[in-house]
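Here's the letter readout for the chains.
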Amino acid sequence: MKNIIISGICGKMGKYVYKSAKEQNLNVVCGVDKTTDDEIICPVYSSFDPIGQNADVVIDFSSPSNLVGLLDFCVKAKTPLVICTTGYSPEEEKEISKAAEIIPIL
């Protein structure tokens, strides 16, 4: 079973990814979001700092403001990352490219 972390899990697309993952028998280890939702049955953290679990991939549907924590977590944990967030500045895109030299990023 694949283990995933969903960044932005309580947003519209995050909820969709969560429900789809459960339907496909994927294990949603936890989520990261500024808000909570009673429909989400896994730990939801407000940042990446308290996450102690490992995952096979992080799927990001959050916002550019989460980029630093997202990249730090994935690089330190050596976890591949799927970025579905838009609106990054050229400087933020450079940070993503630097992280992509260390971990797989789509």
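Residues numbered from 1 in each chain as written. Predicted model: local features only at pLDDT ≥ 70, side-chain atom pairs only at ≥ 80, totals over all residues. Heavy atoms only, no water.

(A) Molecular detail of the side chain of T85. Residue placement: T85 occurs in the loop between β5 (81-83) and α3 (90-99). Looking at T85, its side chain comes within polar contact range of the side chain of D60, at 2.8 Å. Here S62 takes part through its backbone nitrogen, which lies 3.0 Å from a polar atom of the side chain of T85. Leave out the neighbours within four places in its chain, and T85 touches D60, F61, S62, S63 and P64. (Helix = DSSP H or I, 4+ residues; strand = E, 2+ residues; numbered from the N terminus. Polar contact = N/O pair within 3.5 Å; in protein donor to acceptor, adjacent residues only side chain to side chain. Contact = heavy atoms within 4.5 Å.)

(B) Representation of helix α2 (residues 67-77) within the structure. If you check which residues of α2 are buried, you get L67, L70, L71, F73, C74 and V75. On its buried face, α2 sits against β1 (3-7), β4 (57-60), β5 and α3. (Buried < 20%, exposed > 50% of the residue type's maximum accessible area, 1.4 Å probe, protein only.)

(C) Up close: the nonpolar core. Among the nonpolar cores identified, the biggest contains 20 residues, and I5, I51, V58, L70, F73, C74 and L81 are the most heavily contacted of them. Of all the elements in the fold, those that place two or more residues in this core are β2 (27-32), α2, β5 and α3. It is α2 that contributes the most residues to this core, six residues altogether. Once residues within four sequence positions are removed from consideration, I5 is found in contact with V29, C30, I51, Q53, A55, V57, V58, I59 and F73. In this structure, I6, C10, C42 and V57 belong to the second largest nonpolar core, which totals twelve residues. (Core = buried A, V, L, I, M, F, W, Y, C linked by side-chain atoms within 4.5 Å.)

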